Each structure stands twice: as C-alpha cells, then as structure tokens.
Protein chains: 2
Amino acid sequence: MKQYLQQDNWCIIEEGFHHAHNRISESVFSLGNGHMGQRANFEEDYSGETLQGNYLAGVYYPDKTRVGWWKNGYPEYFAKVLNASNWIGIHIEIDGEPLDLAQCEVKEFTRTLNMKEGYLEREFIAQMKNGKAVKVLATRFLSIANKEIGALRYAITPLNFSGAIIATPYLDFDVKNQDANYGEKFWEEVKKYQPNGKDAFIVAKTKKTNFYTATGTNFQIWQVGKEQNLHPFLTDRDKYLAATYTVELKKNEETVFYKYVANVTSRDYDSKQLLEIAMQRIQTATTQGFDAMKEAQAKAWENKWAHSDITIEGDVAAQQAIRFNIFQLDQTYTGEDARLNIGPKGFTGEKYGGSTYWDTEAYCLAFYLATASPEVARNLLLYRYKQLDKAIENAGKLGFTDGAALFPMVTMNGEECHNEWEITFEEIHRNGAIARAVYDYVRYTGDESYLADFGLELLIAIARFWSQRVNFSDDKRKFVMLGVTGPNEYENNINNNWYTNTIAAWCMDYTREVADFVKRTAPEKYTALVGKVNFHEATEIAQWKHIAENMYYPTSEKLGVFLQQEGYLDKEQILVADLDKKHLPLNQKWSWDRILRSCFIKQADTLQGIYVFEDRYDMDTIERNFDFYEPRTVHESSLSPCVHAILAAKLGRQEKAYQMYLRTSRLDLDDYNNDTEDGCHITSMAGTWMAVVQGFGGMRVREGQLHFTPFLPEKWEGYTFKINFRGALLRVRVHQEGVTIENESTQNISLYVHGEQYDLAGKEVLNTNLQAVFA
Amino acid sequence: MKQYLQQDNWCIIEEGFHHAHNRISESVFSLGNGHMGQRANFEEDYSGETLQGNYLAGVYYPDKTRVGWWKNGYPEYFAKVLNASNWIGIHIEIDGEPLDLAQCEVKEFTRTLNMKEGYLEREFIAQMKNGKAVKVLATRFLSIANKEIGALRYAITPLNFSGAIIATPYLDFDVKNQDANYGEKFWEEVKKYQPNGKDAFIVAKTKKTNFYTATGTNFQIWQVGKEQNLHPFLTDRDKYLAATYTVELKKNEETVFYKYVANVTSRDYDSKQLLEIAMQRIQTATTQGFDAMKEAQAKAWENKWAHSDITIEGDVAAQQAIRFNIFQLDQTYTGEDARLNIGPKGFTGEKYGGSTYWDTEAYCLAFYLATASPEVARNLLLYRYKQLDKAIENAGKLGFTDGAALFPMVTMNGEECHNEWEITFEEIHRNGAIARAVYDYVRYTGDESYLADFGLELLIAIARFWSQRVNFSDDKRKFVMLGVTGPNEYENNINNNWYTNTIAAWCMDYTREVADFVKRTAPEKYTALVGKVNFHEATEIAQWKHIAENMYYPTSEKLGVFLQQEGYLDKEQILVADLDKKHLPLNQKWSWDRILRSCFIKQADTLQGIYVFEDRYDMDTIERNFDFYEPRTVHESSLSPCVHAILAAKLGRQEKAYQMYLRTSRLDLDDYNNDTEDGCHITSMAGTWMAVVQGFGGMRVREGQLHFTPFLPEKWEGYTFKINFRGALLRVRVHQEGVTIENESTQNISLYVHGEQYDLAGKEVLNTNLQAVFA
C-alpha cells in the first residue's frame, strides 16, 4: 500500500517526482479512448524503471504458449495485447546531455490526470548535470471525438541559458512486449514514408495475425506564437523514423513542440489504404489544431460524466476514487465495436494479455447497462455471440458434442488462450455468467428481440454443455458435476461446487423458458433456429428439466448453509480473524496445496450465487450464509469485496458494506496489492461502481422496474449516482435528509424506493425520507 | 509399437539400418557402468535424427524453471542430467565426402548390444556418393572394472579403393541438452591440454553447480598389427579439441582406430588434480589395451549375471526382454556411491532430468535387494537419509514445522525440482514409499542396526509430516487427508486417497514400533537421537497412535471394496473394455479434465496398497478389489502392470498375470508407447523383474524367511531366477515337473515353497512338485 498521490475531486495528482513508483504512476495516469490507449510514459528519454506501453484495441499477437508440463488440450498460444508504436517520443538533448528525469535533479514536478476533461499533464523543472535548467509542460490526450487521433503539446523553457538544443521526435515500431514468452518481437515493417521532418508514417504488421497498422505523426515547433520551419536531419532504420532538429531557445521563453498522431489499422480498413487514411487523419488533426481538439475532448467527457458520474460529499478520497474507476472504465471500452471487449488491465499494461474474461459479464456489464446506451451492453453480448462457433469448437476439444459450447476462460478472438488445467478446463462457471448476461441485458433494457435474434442460440449451446458436463451419480441418485473450479479459485478440481451447479441448473431452466418465449413470439425465427442448430426440442428440453430438477446441491442441514463444495466441512475450520496476520496475503505466503486444503476463500462463490439469485433466498438464509462465509474469505481477488459489500448492505450492515467498498475503491490509487505497476485492475473497477449503486444505493431491476433501497454511509454527507434506464436519465442523490431522485430526461418513469412506488414525470424531482427506514 | 529388432537370447540386434528409428535404437543400445553412460550415437558424423547423449552420474545442472503460471512454493530450477563431452566422435572424410550413414547407401548393417559381455558393436558397408565403399566394424564399452574408463575400436576397410582418407578424432564439450528450458549451454571451459595428436584433455565445469570434469582421450591408429605414428593437424577451439590425420588405406586391409577415454569429476577428486588424474587413467587404459579391457568387461558381466540372471525357456522374445531389463538396471546403478540414484531414463536420455523419483523405493529396491549385495540397497536408503535435512527444509516451505520432512517428488541433491502443484505439493505418498523402503530393507537383509543408525531418524521426520498433514474432520469424527494426488495420477487434488491414508497410518505405526525397538536394543543411540531431533517421545507417539487409529478410509460397504478416494462412486462407471479403442491412450486423446473426472485409472493405487500390505487382507477382499479396479485401469503408467501381474498371480489368474507381464517386458524393445526415442523406461524395468520373481515365482519375505509360490506361464517351458538372500545364492527353476531350487552358495538356508518348509544346505538342490498346487 502506497499513498503518494494527492487527493482531489477531479484529478489524480503526483506532486514531486516519485522515481521508485514510476511504473505505478505510468499505470494510474494511463490514457485511453476505446480505440487506443497508452501508459503514462514520458515523451523525453527515461532511463529509470518503466514499462513502455502503447496499445491498439483488438490488435493482438498469438504468443507461443509457455508451460512447464504440457497437458493434452492446452492451446498453442496466448493472445496478447501488443505493445504498439511509440509515437510520443521526443528525444531532447542539451549540450550533449539527454534530458532524462532519472539522470537530473527534478524540481516542481507535478503530474496530473484531469479526469473531468480527459487529458494528462506533466510539469517539471529539470536541473541537468551540465548546469542547464529547463522547465517543461507536457500535455496530451487521446481524442474521444476522433478515436484514431491523439495529440501532445510539449513546452520547454530554458531557465538559465539561451542557446541551441537538439529535439528528435520519433516514431518507433521496434518495440517489445516485456511479457513476451520467448523474448520475440511481434512487429514487422511493411513500409515507411517520411516526406520531410514534420511528417512520418510507418506501416507495420504483426507476425502471424497480420494486423496492418499505420501510425503517422506530424511534428511542429512553435516559438512566440509562430510555427518555425527548421530543417531536420532524418533517420530511417527498421521500423523507426526520426527527425533531428537543432532549435535555438531563448532564456525564459517557451518553445512548444506539437506532436499529432493517427493510428489506423486493417481491423477497420483495407490494409493497402492505411497509409493514405493515416495521412488524412493527420490532416484532420493538424487542421483542427491542438487547442480546439482539447476543447472537443473536454466536451466529450462532459457528456460522458453527465451519464455516469458519481459524487460523494464529504470524502475527497472516496470521490476521487470512484471517479477514477468510472474514468478508466470509460477509457477502456466505449461500446461501438462488438469485436472488442474489456481486458483486465485495459490499456494500462500487458498483464493477462488484454483478453476477455468472465469479468465482463459478471461485473462490467452492470456498469455499462446503467451508464451508457443499451447498444454498448448489447455489443458486449454480441461479442460472445459472434464467438459461439469457436466456443462449440472449444467444447469439442474437451470431448463435448452436438453443438455444446464452452466459452474460453481467456480469449481474444474466441479461441482459448489460457493454459492451467484447473482453470482452462475446469473453471467452467464462466459459461453461466455469459448466459446470465443475456438475462441481465433483457431484464434491464426490455429488449426481448435479442432473444430470438441471438440469445436463444447461445443459450441452447450453453444448456447443451451443462447437460453433458453433469453425470448421474448412482450413489447419490442425483446429477453431479465433478472436477470443477468455482469462482473461488482457492479450490481446484472439486466436486459439486454449489455456485456452478446452481448456475448450470438455472441456465437449463432459462433456456427452456426462452425457447418457449421465442416459439410463442417469433415462431418463424424459432423454426429457423431449430433447423440451424438441429434442436431436438422435446428430448432436449425434457432432459434439461430432468437434470435441473435432480441436480445435487451440497448443503449443511446442521449449519443451515449451502456448502461451497462437497467435503468443505472436512476442512479445519478457522476464521481469517484468528489467523496471524503474518500469513497474509495467503497467495504470497502459503504454498498452493496449503491454500487449497485450507478453508480460506479467495472470493466466496456461495455468496456470489446468492447475489446473482438473491430473490430465491429469504433474509435468514442469506444472513446465515454471509455469516458463515464472510469470516472465511480473504478477498485476494479484486472481484471479491464488491459482492460482500452488496450483500452486507442488503443485510443492513452498513459499516461492513463500507469496509468492503473501501477495499476496492482505491485499489490502484493506493497500490493496495503491490501490483499496480503492471497496470490497473480495470474490470474490478466495475465492482466498485456496483458496491455504490447496488450496495449503498440498493438498486435492482425487478419486472422491468427500478428499485432503490439506499442508505448513507456514516462517513459521507451525501452521494449521487446516475442511472440510464429505458430512455430515462436519473440522478439519485442520497443525503442525510433522504433520497432525492431527479429525472433529468423527459421520459416518465415509475420506480420504487424502499418498496414504495413512485411515478416520476420527465424533469420531475422526487424527495423521499431516508430516516424512516434505517431508524 | 515397432518390432524391427531381432530376437536373441543374449543380444539386442538391429539387422539393416532403420534410419527412421535411429533415436529409438540410440536409446535401446545405450551403454552405462553406473559412473557414466551414453546413448548409442555413432562415432562418425550423422546428419539424420539423433539425440546426442553422454552422461556422468551425479553431474547435473539446475536449469531455470519454466512454467506457464507460477504458484507460490515452486522451485527455482529443475536439476537436469547433463549432456557431457562427446568423446566417441571420429569425423571420417573420403575424397571430401564425410562418412555419414544418413547420406550414403548402407549395406549389411548390424548393430548388436551384447548383454552377456557388456559391449556394443556395429558393422556396416557404406557405399558413398563418390563411389567409394568402406566396411566398418565399431566396438565399444564402458568399463565396469574401471569405471572412469571407456574404450572404442573403430575398424575401417576400403572395399574398392586404396588411398588417403581423413580421420579427425575429437573431444567436444561444446554440447547442449535438447531439453534445456532456455536453450542455454551448461558447460564452461576451464582448461585444455593437447600435447600431441594422440592425447587430448579438456577440463570443463558446469555453470552454477561448478562440477569440474576432466575428459581425456588417447587415439591410436593401427595397421597390420602395428601402431602408426602420423602427424595430425590440431584444432583447438572453445571446449573442443581435434586432431586431423591423413591415413593411407589399402584396399581390403583393415585400419583400426582405438579411442580410450577417461572421465573424472570433482565429485570424486580435488578439481585442481583432475587433469592429472585423467592422464593417469588414460595411462592405465592404454597400458592394459583394448582387448584385455574387453575381456575384463566380459568377466565382470559374468559375475553380475551369476547373481541376477533370469532364463526363460521356450520364448526367445521373453528371454531377450527380461535380460534387457536386468542389463539396463545393472548398467544404471551399481550401488557403490550413496550420492547416486536411479533416474527414470538412466543413462539413456535426458527426459525427466535424470533425477530421483519414488520409483526407486517402490520398484527398484526389490530388484537390487535380491540381485546384489545388501550394500547396494543400503546405499539407496542412505541416499535419502543424507537428504533428510533438505526434506525437512522442503516441508518447511509448505508450512510444516518441528522437524517434519517431505522428500521431494523429483530431486538430484535433495531439493525439490518438480513444478506441477498437483504433483510437487500433493503427490506426497512418496514419503510413505521412502519409509516403507526402510522396512523392506530390514525385512530382507535382517540388518536391524540400520534402524538405530539411520532409519529411526528418517521415520520420525516422516511420521511428523503425516501427523501434521492430516486434520481432524469434525464432520466425520476421523482424521482426513485433503488435497492429495495418489499414485494414480489420473486423479488430482483429491480427498482421502485410500492408498495415501493407508501408508501414512502405517508410517506412524512403524515409527512407533521402531522407536520402541531402538529404545530397547540401542538405548544410547536412542537417547542421542531424542536429543538430536528434539523428540517428544510420549506426546508424539501418543499422537501418532491416535491418528493411525482414527484415520478415515473411504470404503464401499455395498461393493465390499476400498474406495480409491472419497466420491469415486459418483463417477460414471464404465469399464475400459467398453470404451471405444479410438479413445486410447487417454493421455493422448482426452483433455486433462475429462481424464480426471472419468473413472479410469492410470495405475490402481488401491491395488498398489493391497500389494504393499497384502498380509492384512484375505483373498476375498483382494479379489473383490482386483475385480473392481483392474477393469477400470488403463495402465498408462509403465509402473502399473507389474503390480497387477503380481496380484493376478496371487489370485491364481495365470493368464492375466502373463498378459500384464507382457505389457512391460518389451516396453522399450518394441517401443510400445512410442517414446523410447527419448530414452528407456529404466525404473519400470524393475517392475518387469518383480512380475517374474514376485508374480510368477511368488517370492515373498516373511519373518526373515523366503517364500515361493511359483507357477509356470503356459507359453513357457520353464524359467529360472536368482535370489541373493542373507548370504545364500539361490537359483530357482520353475519347470513343467515342478520347482528346482539350487543353493549355489555354501550357506544353509530354510525356505518355503507353496507353504511347505524346506531346509537347504550349501550347494544342495531341492526338487518339489509344482503340479499338485495348480491342479
């Protein structure tokens, strides 16, 4: 845990340069616009600790699998988000000494991530070894309005001299991924174009996957309000272009370098036209100019915040944290492109390959449903639908037949990338989350047409998987599911994981229900689908019903709790509170076998199941399970605390809910797990949002209507959140006097607060009394 | 399965060169003498498929671990047997064309491994592309009498020309392991000495481990019975020395090259003296000369065979196979050095790192006990005893305390090398086999002094481990052992593996018994040990007793069988016979999860337990378990069939026993598993020996006496085996008329045949009737 960043309502601020934490700052101050993103690397040279990262959404490399001991069925490769061309680079040299913050005295350093307007700014004075001192102000952003464009402004002022300096802007595709399994470089040069010092273009392609990418830059030097026309010395080597300028600076006068960039790829255009399109984009950017683009950027973010902001009154740390989480989610995924998804690190690092995990459906979907238009969530669903064929192939590799689908644990293009048998082959509950996302989407949006068009086909394939994955135990006279890993990854290869069995049975039930619905409401589409997927309606539906009705659920009658898995009570039962703190975190202190045979839980999947299916269980049942599992949970998954926060809130345990919220909200800002240097925990940020909106705000959707059961955490004076729901935009403010809900749209809406129904006309404001409920 | 080798009672013969199988032949025709070994690579160049291998016992390299996903507790390295200097190489060139069997027409090729006298011979005519034809006869061996010495004779005869050829003998340390995790070379040159063309010496050392090794060679050229003194051109580069001779050959006249080698290492001598010692060894070898050394080799093998031979009458394939197994075991481990052990591939390949597995105690020990002097088995035990400190450290890494020991799954020097959590951390039954080896050794040899000197200390450490590894289940009111992998590796991370629980309880009981014995018989040593290991006698012994008495053993009352593990009966119960053959072998056809959740068994550990503790169970129990587990066992471990053979024999199922024997006896000769190219299955060869002696011969030791219950497999006319037991040497012949036991020693012995006691004086012969028993 590190707390070196300044607190502020709208900005993340580093005051003074923290060399030792530079990789952390690079992650935290990352920029992204859904199409591309980058870590907060420096424009000038930096010889200290750094992880260089420029990423293009959907451009990946299938890195050859590295494994200790091969298991049959492992994938050949792991798809990695690529480190793409470095376009921010400007090598600065003064009297032969490169400007490098690791090599000079750094004064008055401030790095600011302005989340309100979506840009990164850095200011410092560098006192160089040769005695020269310069002041720099560097500003940059990736345009939301024009996603293929980015721009930076780098203003340098000599403080104690006048004279020539060297400035070498460059474009560099000759980069590596630090996590390349075999140290390989993934890019190959296709062509280059450097008509003059100002403009430079490189077209490169990835090995194997052949993603063509054109990166272009335009470089300008401005002094006293005028662009300077200088003649640079050009450098041209493999995958690299640079222009070296000698620039005369005047003491205390600012010289400004502008660098515009365009990144276009063959994901969107014919590879042969990329160079030309990149030139057009550069033209667009330079015509508009840095200041106008920056203004447009602020406008675009204003609009995003209008639909997604959460305010917290009386707690700056919490305010900053929740906005940071929303900002990063909105930088990572913008929802126009159904081929993209949300990597665990977004554009903030290489780790986990930037691929898709079940996090998307189980955690992120709720955020995008409530803060963006329905198309955004729909595209997340379509992403999986488009990969259904590959999921069927994937299941085939594990021996499943007849159109059964197993979606991958980790994927980029629908193929499995992960290679740990206990995860890849056994953490199959992901299939449940993907089915449940269909339900969640339809419940939230009311878009029932999705079911006939896409949903049912996917559900049938998933139901088929479950029906083959269980087997009938003669011993138990029930269907059992052997050899799985639940969301609690601190148990591997277990039998009858309660969560997995529960969601599997639900999938089979829901598929039956949807099949019936589509058959009734869209008979022609139904008939077409029956033919397409060779659906043996009568027998398959009967089988699913039979299995779901006869599924085995491990339970302790004595304790009145669901059992995480068979045999859980054979473990030595110890509570986390009774464990000497020196053993924590378990995943750093204990060998894997010790973790596995202990009763300790990474994230409580029984509680996860209760959260997902909460309407099935009475409060006593929820409470008994919460009181049994929460004290055994070490929360060593960043996805864990939010669910506990929501259930604690439901049980009226406000203090517990607040504690759980705190564990995630500043996870990256305070480097809670000592791993932010690798990138931010993007997907768990959605969990933080859930903890506020579903936990503190008690938001639920039931039968097409919004319900709220809010409370105000003791430490806060008030908070607000935004909900976009079926055309209405609500601003929900929870404060000491009650709940104020403002309908900011013109759409009438009916909703419930603490069980009481209210009708809100467009632009109407509702005030209810909060005190009464939690008296 | 390939059957390209000729059958012969004493030799392995390849007639005609099988290019495509060359790597297999290199494994099968391997040579070794306990100190060093080598694959049957060619002396001359070979550009076809080959795995070059020269190995020095105990000289290893800690290769940096390669792993997909790191788990806490994994070792940093995997100790690999090193590919050491190639000393056999003689590059031959005729008119600019290298002699290379991959590039010329090969006629009259014969490769022979003479197991009776311990040498390898190869004869061929090479018709070269340039029209020249030569005949070659190459013979080589690694001396048993003088273990640091090897020699080869390479006779070349031009068939259709007279003229000069080039011969370049070389010594090459610049070699790699094919399985190096990161492609690294492991040797560094220390010094070289090449006084003339005849002699060459290289001292090299391994990186990290600093094993210094001196390899020296002497090269001689003989024509018409006289050594020729020619002046070679010398080549000297990093880790490589060569001498290039131009030799005049006469048509149809043999020219003979001799190459003598010495390999000495810093394991045995001061590293500074290695060069000098190597020179002395070369002196010894050349003084004695090739023919005299070869004669001594035959003598040494004659003596080995006198103590270990098995003959099979009326089945050449079986005869050849069993001798091959014995020969390879005797080439691999000779038992003078308690720092050495038996790698799964011996000196025949790189795979599995050449390290020590539980195979040694569970399979190999019985062979060496019965066919060699007791010191050999004792050294295998001392190997583990010497590593006890490291086993205690190893247990410490997994959280065990107070002197508990967990011996590694795979090791070279006592440190764990393996990195699969389900094996490394969970296949802990190995501790049981290591304790049981103490029991087996004492039972066989009667050497009870071992217990006070070494055995008890090791047993206490192992009993401590088990007592900490179990936990009391409040649910079952029994001690349970969670998260283990049994010998059946087709189940991972299971609870209450019957075999592991059984052997764990036995360890605790046996430790109590030995503690009591040592206390009574060697009170001073006992007191010293109590102090040394801080033995809390009363409480620890009481605890072990309590745990052993209250251990949980999964059982099916209904089926009357022990359950391999908890929940085994929840699996879909299918028999191997009912499985479509296209699914076999499962480990190549099924993904790992599918194997794990199936009922199919790699090797039946319940039967393994019954084999180890057979005297506890009545025949009905053995039969019920055998009939339940055998049909579910796919025998995809080479260690599996022998135990089934022995139990089948015990149950009077001779045909089944014979079938099981067949599955292992020619495993490598017929390349049954398509993997002999990587090396031979050395440790499972001991299982083949067990199948004959303990299975067909029914040999057991009970209360210090030998028991036999032999039968004659239908296909055989008779068989004999040798048993060395407490000073007596028996030749047991089983034939159609009965059993003939010849006491070849002068030591009187009392023994049992089919339950009948007999007293044999020295040199006496016993004839009993076999028919009566299996009428």
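Bear in mind the structure is a predicted one, so any value in this text is a computation, not a measurement. (Residues numbered from 1 in each chain as written. Chains lettered and ligands numbered in written order. Predicted model: local features only at pLDDT ≥ 70, side-chain atom pairs only at ≥ 80, totals over all residues. Heavy atoms only, no water.)

**Describing the overall build of chain A**
- Helices and strands together make up the secondary structure of chain A, namely 20 helices and 33 strands.
- Taken over C-alpha atoms, the radius of gyration comes to 27 Å for chain A, in line with the 28 Å a tight globule of 775 residues would show.
- Taking the principal axes of its C-alpha atoms as reference, chain A extends roughly 85 × 60 × 55 Å.
- Relative to its 775 residues, chain A shows a buried fraction of 65%.
- Within chain A, contacts between residues at least 6 apart in sequence are counted, and of these 68% link residues at least 24 apart.
- Entry remark: accessible area of chain A is about 26,900 Å², with carbon and sulfur atoms responsible for 46%.
- Computed over 84 positive and 106 negative side-chain charges, the inter-centroid distance for chain A is 2 Å. (Helix = DSSP H or I, 4+ residues; strand = E, 2+ residues; numbered from the N terminus. Rg over C-alpha atoms; globule rule 2.2 N^0.38 Å. Buried < 20%, exposed > 50% of the residue type's maximum accessible area, 1.4 Å probe, protein only. Contact = heavy atoms within 4.5 Å. Areas by Shrake-Rupley, 256 points an atom, 1.4 Å probe, with all protein chains shown as cover. Lys, Arg positive; Asp, Glu negative; His and termini not counted. Charge placed at Lys NZ, Arg CZ, Asp CG, Glu CD.)

**Re the sheet that holds strand E27 (residues 705-708) of chain A**
Residues and elements named next belong to chain A.
- In spatial order, the strands read E26-E27-E31-E32; together these four strands make up an open sheet with mixed pairing. Here the strands that pair on one side only, and so sit at the sheet edges, are strand E26 (700-702) and strand E32 (756-760). Ignoring which end each strand starts from, the neighbouring axes of this sheet average 35° apart.
- Pairing geometry for E27 and strand E31 (residues 749-753), over three bridges, is parallel. Across the sheet, the residue bridging to leucine 706 is leucine 751, located in E31. (Pairing = 2+ DSSP bridges. Axes fitted to C-alpha atoms, helices over the stretch in contact; angles between N-to-C directions.)

**Thoughts on the sheet that holds strand E32 (residues 749-753) of chain B**
Residue and element names in this part refer to chain B.
- The strand order across the open sheet formed by four strands is E27-E28-E32-E33, and the pairing between neighbours is mixed. Edge strands, defined here as strands with exactly one partner in the open sheet, are strand E27 (700-702) and strand E33 (756-760). When the angles between neighbouring strand axes are averaged without regard to direction, this sheet yields 35°.
- Examined bridge by bridge, E32 and E33 share five bridges and lie antiparallel to one another. When the bridges of E33 are listed, tyrosine 752 appears paired with glutamine 757.

**Observations concerning the packing of aromatic side chains**
- In total, this model carries 119 aromatic pairs over all chains according to the counting rule given.
- Residues Trp70(B) and Tyr74(B) carry aromatic rings whose centres are separated by 5.7 Å and whose planes lie at 75° to one another, so their mutual orientation is edge-to-face.
- The exposure class of Trp70(B) is partly exposed, given its relative accessible area of 43%.
- Classification of Tyr74(B) as buried rests on a relative accessible area of 8%.
- Taking the centre distance of 5.4 Å and the plane angle of 35° together, the rings of Phe219(B) and Tyr245(B) count as tilted. Residue Phe219(B) is located in strand E17 (residues 212-223), and its partner Tyr245(B) is located in strand E20 (residues 240-249); the two are separated by 26 residues in the primary sequence.
- Taken together, the aromatic side chains of Tyr658(A), Tyr661(A), Phe696(A), Phe708(A), Phe711(A), Trp716(A), Tyr719(A) and Phe721(A) make up a single cluster linked through ring pairs.
- Across from the ring centre of Trp301(B), 6.0 Å away, lies the NZ or CZ of Lys304(B), which sits over that ring.
- The aromatic ring of Phe628(B) is capped on one face by Arg632(B), whose charged end is 3.9 Å from the ring centroid. (Phe/Tyr/Trp six-rings, centres within 6.5 Å; stacked < 30°, edge-to-face > 60°. Lys NZ or Arg CZ within 6 Å of the ring centre and 35° of its normal.)

**Thoughts on helix H18 (residues 641-650) of chain A**
Residue and element names in this part refer to chain A.
- With respect to burial, H18 is a largely interior element, nine of its ten residues being buried.
- Burial in H18 covers these residues: Pro641, Cys642, Val643, His644, Ala645, Ile646, Leu647, Ala648 and Ala649.
- Elements that come into contact with the buried residues of H18 comprise helix H5 (359-371), helix H16 (605-612), helix H17 (619-629), helix H19 (654-665), helix H20 (682-696) and E26.
- Immediately downstream of H18, the backbone of glycine 652 shows phi near 75°, a positive value.

**Comments concerning the environment of Leu101(A)**
- Relative to the elements of secondary structure, Leu101(A) occurs in the loop between strand E8 (97-98) and strand E9 (105-114).
- Ignoring sequence-local partners within four residues, the contact set of Leu101(A) consists of Phe17(A), His19(A), Phe42(A), Glu44(A), Asp45(A), Tyr46(A), Val106(A), Phe109(A), Arg122(A), Phe124(A) and Ala126(A).

**Focus on the confidence of the model for chain A**
- For chain A, per-residue confidence averages 96 on the pLDDT scale, and residues scoring 70 or more make up 99% of the total.
- Note on the complex model: pTM 0.94, ipTM 0.93. (pLDDT = per-residue confidence, 0-100.)

**Looking at the interface of chain B and chain A**
- Contact residues are listed per partner, giving 45 residues for chain B and 45 residues for chain A.
- A buried area of about 3,900 Å², summed over both sides, lies between chain B and chain A, and 50% of it is on carbon and sulfur atoms.
- Taken as a group, Trp69(B), Asp570(B) and Arg597(B) account for 19% of the area that chain B buries against chain A, more than any other trio of residues on that side.
- Our count for the chain B to chain A interface comes out at six salt bridges.
- Across the pair Lys71(B) and Glu420(A) runs a salt bridge whose closest N-O atoms are separated by 2.9 Å. (Buried area = accessible area lost by both parts, 1.4 Å probe. Salt bridge = Lys/Arg side-chain N within 4 Å of Asp/Glu carboxyl O.)

**Some points on the pairing of strand E30 (residues 728-735) of chain B**
All names here are of chain B.
- Counting buried positions along E30 gives six out of eight residues, so the element sits mostly inside the fold.
- Strand direction decides the pairing type here: strand E29 (residues 718-725) and E30, joined by eight bridges, are antiparallel. Within the sheet, the bridge partner assigned to asparagine 724 lies in E30 and is leucine 729.
- The hairpin turn running from E29 into E30, its antiparallel successor, is two residues long, and arginine 726 in that turn takes a positive phi close to 45°.
- Relative to strand E31 (residues 738-743), E30 runs antiparallel, the two sharing six bridges. Directly across from valine 732, in E31, lies its bridge partner isoleucine 741.

**Here we look at the nonpolar core**
- By size, the foremost hydrophobic cluster in this structure holds 488 residues, and its most contacted members are Ile723(A) and Ile723(B).
- Residues in contact with Ile723(A), not counting those within four places in the same chain, are Ala370(A), Tyr444(A), Val693(A), Met699(A), Leu706(A), Phe708(A), Ala728(A), Leu729(A) and Leu730(A). (Core = buried A, V, L, I, M, F, W, Y, C linked by side-chain atoms within 4.5 Å.)

**With respect to the side chain of Ser143(B)**
- Mapped onto the secondary structure, Ser143(B) falls in the loop between strand E12 (133-142) and strand E13 (149-158).
- When near neighbours in sequence (up to four residues on either side) are disregarded, Ser143(B) contacts Asn33(B), Ile149(B), Gly150(B) and Gln297(B).

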